Amino acid sequence: RRGGNSDGRMIALALVSAPLLQIAMQAFMSGWMIFEWYFCFAVMMLGLAVALVVQELRRLKILALAGAPLGAVALAVASFWIADGMKPNESQREIAELGRKLSKFASAHPGTYAMGDAAGTPGWMVKQPIVHLEGLMMSHDFLDRIRERRPLEETFRDYGVSYYVAVRPERTGASGCLEFAEPNSLQASPRAPAMAMTICEKPVEIIQPGTRYQVRIYRIDPATGRA
């Protein structure tokens, strides 16, 4: 409030309000799970708090006395945070293994792939185009497809998908066929919009990278979008 920089005040207010608005929108509008990487605004707000503390210490002319201890504490906290973040957990190991096995499969089966959950690392490793069915890195039109609950086979047809990498089914239907929804309700919520389809055909490949995922790969007819 005492600062004369109006732009700085606006940026500070934006950084303070952004994480609150983001979490509120996710909680009340999307039903989406809140992962740790969604707290990027909170980390930026923490950086703002550190900057304001340093500014106040400079104004009180005690930064020279407190600077060295504060710097040492900040360095220790940052080092611990980075070291802890570099330790892969079991889920990350499985996704990496899934990426390696899917990359090997895709090298022998070129085409356009579609995948929802866990598609980030495999999408980087597989040398084939991947349609991300959760909508991340996709277009506004694709998000509209999810919002409007379009049939999944329609999206497969429009995007020329030739292989569907299904991480997990929603449920097994009365006929014994598997029912899939993208995004999966375990990632979002049962009330969240999704694109769905039922598949009765057998997968062309099953990848079991660990205990968390059992991945089924289905051959899709690009002309119809059906398995």
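Remember, predicted model here, so these are calculated numbers, not experimental data.

About the thresholds
Residues numbered from 1 in each chain as written. Predicted model: local features only at pLDDT ≥ 70, side-chain atom pairs only at ≥ 80, totals over all residues. Heavy atoms only, no water. 1 Å grid on protein atoms, 1.4 Å probe; cavity = no way out; pocket = protein on both sides within 12 Å on 5 of 7 lines; lining within 4 Å. Points joined across faces, edges and corners; volume = space filled by probe spheres on them. Helix = DSSP H or I, 4+ residues; strand = E, 2+ residues; numbered from the N terminus. Buried < 20%, exposed > 50% of the residue type's maximum accessible area, 1.4 Å probe, protein only. Pairing = 2+ DSSP bridges. Patch = residues over 30% accessible without salt bridge, like charges linked within 9 Å, V, L, I, M, F, W, Y side chains within 5 Å. Areas by Shrake-Rupley, 256 points an atom, 1.4 Å probe, with all protein chains shown as cover. Salt bridge = Lys/Arg side-chain N within 4 Å of Asp/Glu carboxyl O. Arc of directions from axis to C-beta. Contact = heavy atoms within 4.5 Å. Phe/Tyr/Trp six-rings, centres within 6.5 Å; stacked < 30°, edge-to-face > 60°. Axes fitted to C-alpha atoms, helices over the stretch in contact; angles between N-to-C directions. Parallel < 35°, antiparallel > 145°, perpendicular 65-115°, else oblique. Left-handed = near helix turned anticlockwise from the far one by under 90°. Nonpolar A, V, L, I, M, F, W, Y, C, P; charged D, E, K, R; others polar.

Describing the layout of surface pockets
Then, number 1: In this structure, the largest pocket encloses a volume near 860 Å³.
Then, number 2: Along the walls of the largest pocket sit 30 residues, with Ser30, Trp32, Ile146, Pro183 and Pro193 positioned nearest its centre.
Then, number 3: Of all elements in the fold, only α1 (6-30), α6 (140-147), β5 (178-182) and β6 (195-199) reach the threshold of two or more residues within the lining of the largest pocket.
Then, number 4: With 5 residues, α1 is the largest single contributor of residues to the lining of the largest pocket.

Re the pairing of β5
Then, number 1: A large share of β5 lies buried, amounting to 4 of its 5 residues.
Then, number 2: Where strand β4 (residues 171-172) meets β5, 2 bridges bridge the pair, whose relative direction is antiparallel. Within β5, the residue paired with threonine 172 across the bridge is leucine 178.
Then, number 3: Connecting β4 to the antiparallel partner β5 that follows it, the hairpin turn spans 5 residues, and glycine 176 within it adopts a positive phi of roughly 90°.
Then, number 4: Examined bridge by bridge, β5 and β6 share 5 bridges and lie antiparallel to one another. Directly across from glutamate 179, in β6, lies its bridge partner threonine 198.

Some thoughts on a nonpolar patch on the surface
Then, number 1: On the surface, a cluster of nonpolar side chains totalling about 440 Å² of accessible area is made up of Val43, Leu46, Val50, Val54 and Trp81.
Then, number 2: Sorting elements by how many residues they give to the nonpolar patch places helix α2 (residues 40-59) first, with 4 residues.
Then, number 3: Given a relative accessible area of 46%, leucine 46 falls into the partly exposed group.

Points about the sheet that holds β6
Then, number 1: Spatial ordering of the open sheet is given by β4-β5-β6, a layout of 3 strands whose pairing is antiparallel. With one partner strand each, in any of the chains shown, β4 and β6 form the two edges of the open sheet.

Section: α6
Then, number 1: For α6, the set of buried residues is Phe142, Arg145 and Ile146. One face of α6 carries all of its buried residues, which in axial projection span an arc of 95°. Turned more than 90 degrees away from the buried face of α6, the exposed residues are His140 and Arg147.
Then, number 2: For α6, the secondary structure elements touched by its buried residues are β2 (130-132), α7 (152-158) and β6.

Here we look at the packing of aromatic side chains
Then, number 1: Applying the stated criterion to the full structure yields 8 aromatic pairs.
Then, number 2: A ring pair is formed by phenylalanine 105 and tyrosine 113, whose centres lie 6.5 Å apart and whose planes are at 90°; its orientation type is edge-to-face.
Then, number 3: Their ring planes at 80° and their centres at 5.7 Å tell us that tyrosine 164 and phenylalanine 180 sit as a pair that is edge-to-face. With a gap of 16 residues between them, tyrosine 164 in strand β3 (residues 163-166) and phenylalanine 180 in strand β5 connect regions that are remote in the sequence.

Quick notes on the packing of α1 against α2
Then, number 1: At a minimum axis separation of 9 Å, α1 and α2 run at an interaxial angle of 150°. With respect to α2, the axis of α1 lies roughly antiparallel. Relative to α2, the crossing made by α1 is left-handed. The segment α1 lies against α2, with Ala12, Leu15, Val16, Ala18, Pro19 and Gln22 engaging Phe41, Ala42, Met44, Met45 and Leu48.
Then, number 2: Per-class residue counts for the contact of α1 with α2 are 10 nonpolar, 1 polar and no charged.

Overview of unusual backbone geometry
Then, number 1: With an omega dihedral of -5°, the bond running from glutamate 182 to proline 183 counts as a cis peptide bond.
Then, number 2: Within the fold, proline 183 resides in the loop between β5 and β6.
Then, number 3: Even without being glycine, methionine 137 reaches a positive phi, approximately 65°.
Then, number 4: With respect to the helices and strands, the residue methionine 137 is situated in the loop between β2 and α6.

It is worth stressing that arrangement in space is one thing and function is another; only the former is reported here.
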